Amino acid sequence: MTAVHFGAGNIGRGFIGLALHQAGHQVTFVDVDDGLIDALNAAASYRVIETGVEGRIHTVTNFSGINSRSDPETVVSAIAAADVVTTAVGPRILELVAPLIARGLAARSAPDPLAVMACENAIGASDTLRAVVALHATSDQLDRARFANTAVDRIIPLQTGDAGLDVTVEDFSEWVVDRTPFGDRPPVLSGAHFVDDLAPYIDRKLFTVNTGHASIAYLGLRAGFSRIAEALADNRVASVVDAVLAETAQMLVARHGGDPTEQRQYAARTLERFRNPELNDELERVGRQPLRKLSRHERLIAPAAALAESAVVPTALLTVIEAAMSFDFPDDAESVELQRLRATSRAEDFASNICGIDGQHPLRPALVATISRTMG
Amino acid sequence: MNVLVADSIRLHGTATTRDEAIAEVGELLVSTGSVTTDYVTAMFARESSVSTYMGNLLAIPHGTNESKDEVHLSAVAVVRYDHDIDWGGHPVRFVIGIAGKGDSHLEVLGAIALVFSDLSAVDDLQKASTPHQVLDRLGLSAS
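The rules behind the values
Residues numbered from 1 in each chain as written. Chains lettered and ligands numbered in written order. Predicted model: local features only at pLDDT ≥ 70, side-chain atom pairs only at ≥ 80, totals over all residues. Heavy atoms only, no water. Axes fitted to C-alpha atoms, helices over the stretch in contact; angles between N-to-C directions. Helix = DSSP H or I, 4+ residues; strand = E, 2+ residues; numbered from the N terminus. Parallel < 35°, antiparallel > 145°, perpendicular 65-115°, else oblique. Left-handed = near helix turned anticlockwise from the far one by under 90°. Contact = heavy atoms within 4.5 Å. Buried < 20%, exposed > 50% of the residue type's maximum accessible area, 1.4 Å probe, protein only. Pairing = 2+ DSSP bridges. Right-handed = clockwise from strand over helix to strand, strands pointing away. Salt bridge = Lys/Arg side-chain N within 4 Å of Asp/Glu carboxyl O.

Caption draft 1: Representation of the packing of helix α9 (residues 235–256) of chain A against helix α14 (residues 315–324) of chain A in the model. Residue and element names in this part refer to chain A. One can describe the packing of α9 onto α14 by two numbers: an axis separation of 7 Å at closest approach and a directional angle of 125 degrees. Taken together, α9 and α14 sit at an angle that is classed as oblique. Seen from above, α9 lies across α14 with left-handed handedness. The segment α9 lies against α14, with V240, A243, V244, E247 and T248 engaging T315, A316, L317, T319 and V320.

This is the structure in structure tokens:
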């Protein structure tokens, strides 16, 4: 079995490439970084070093590299013969991958369809990739591939020193794949979790990991801390974060069903991830772009609104929203705008225009009261 | 996401070359207050490193990854041409400038690609006689 993975960076080697290797694929990494491709071709193995309480060291072998800029034809041949294609390249690079996939499909004679999964930090990324590939391919060629959306979660800390191809990662990873495009023949991926509906997993991650991370950042900054792990070690911060995750757990179980105990375990595991001293992110970095984070479908307002709609007052989430209003870092344009609005705008307008909570929405009275408390 | 308004659609572009077309759609993005002029410079930089020709008469010039801070508001601007623009050897009739704030680039790209991968939709877009018809057919209008 062979897999072609676009993006030989830390996520590529330390997460997707590792999972493909562990599932028994020979992995061909594609990148435009000459040094990286040369190193991959010169090495027989590299290590993935997991940090954290369950950390292990994995050795990846049986891989090679191709430079897509200098050698696109070899990339096309590799795709034509592959079982699986994955990407971890970022939003502005995916469109460059698409023509190569289209040409690979045109050259493909294998009877089984190619499994294509864009492992990007965006919802529906494989649908996007499919649409862009469709611009370069006939419908017959497009039918030689199955594009499945995925949700991926693994924190990769800043790599320190010169570790070569070795990558340090956290000891948690989750790769959830939409099974439906594959029918009864999903690709061989032992490390991935195939499901019929991605939405509960996307929501679970957004409203546990992202909501939790942002909550620690805003509460921690207000309490005078600067790093995630040290903020979470503070009882005042930790007790509100626990309450926030209890609220989002209630909202997730109400929306998608599922086992409340399992959701509590997932939340507890998430907090354990945040306590990992190797991942000790700066609160300022985590809190950046506060206006986006305070928008209607994001990590704070979306769960608060859903709870209010079922007649629950999301007290802990409102405490975080109040703390977020104080986010003040001149380097971040949204922070500057937030502080300008706090000084010049009305709480009612902020709730409508920034948070998207207006009219008769049941969250509105509590949200407006919370915001107005921060406006002096 | 509010990305496209009728003011950002030009049905009869005047450019005759690829570079003029990038400048034309870039000016449209600047005039609607979506991006700074530095973003337009970055659109040329991106095009010189790799073509944004997408197939099916479409090119989607946009800035580099580093230039996303020059984007005030996620936006697209559309210029349609009555003549072929030569885009590195490919004919182009639709030049859609993309300015994606943060990571919203993929969302916009996906929506555009979905429309243009359907040849009958491209045909409809060529026949559209008002900016609002273009808006409707692209499905990118403000919600």
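Caption draft 2: Geometry of the pairing of strand β1 (residues 2–6) of chain A. Residues and elements named next belong to chain A. Within β1, 4 of the 5 residues are buried, which leaves the element mostly enclosed by the surrounding structure. Summarising the sheet, β1 and strand β2 (residues 26–31) pair through 5 bridges and their orientation is parallel. Looking at the pairing, H5 lines up with F29 of β2. One crossover worth recording links β1 to the parallel β2 by way of helix α1 (residues 10–22), and it is right-handed. In the sheet, β1 pairs with strand β6 (residues 84–87) via 4 bridges, with the strands oriented parallel. In the sheet register, F6 faces β6, and the bridge partner there is T87.

Caption draft 3: Summary view of the pattern of salt bridges. All names here are of chain A. This model, assessed by the stated rule, comprises 29 salt bridges over all chains. Of the charged contacts, one joins R273 and D153 as a salt bridge, the two residues approaching to 2.9 Å between their closest N and O atoms. Note that R273 is positioned in helix α10 (residues 260–275) and D153 in strand β9 (residues 150–153), a separation of 120 residues in sequence. The exposure class assigned to D153 is buried, which follows from its relative accessible area of 5%. In this structure, the salt-bridge partner of E282 is R227, at a minimum N-O distance of 3.7 Å. With a gap of 55 residues between them, E282 in the loop between α10 and α11 (283–287) and R227 in the loop between α7 (199–222) and α8 (228–232) connect regions that are remote in the sequence. Using a relative accessible area of 38% as the deciding quantity, one classes E282 as partly exposed. According to the relative accessible area criterion, R227 is partly exposed, its value standing at 33%. Taken together, the shared-partner salt bridges in this structure form one network comprising E54, D171, R269 and E272.

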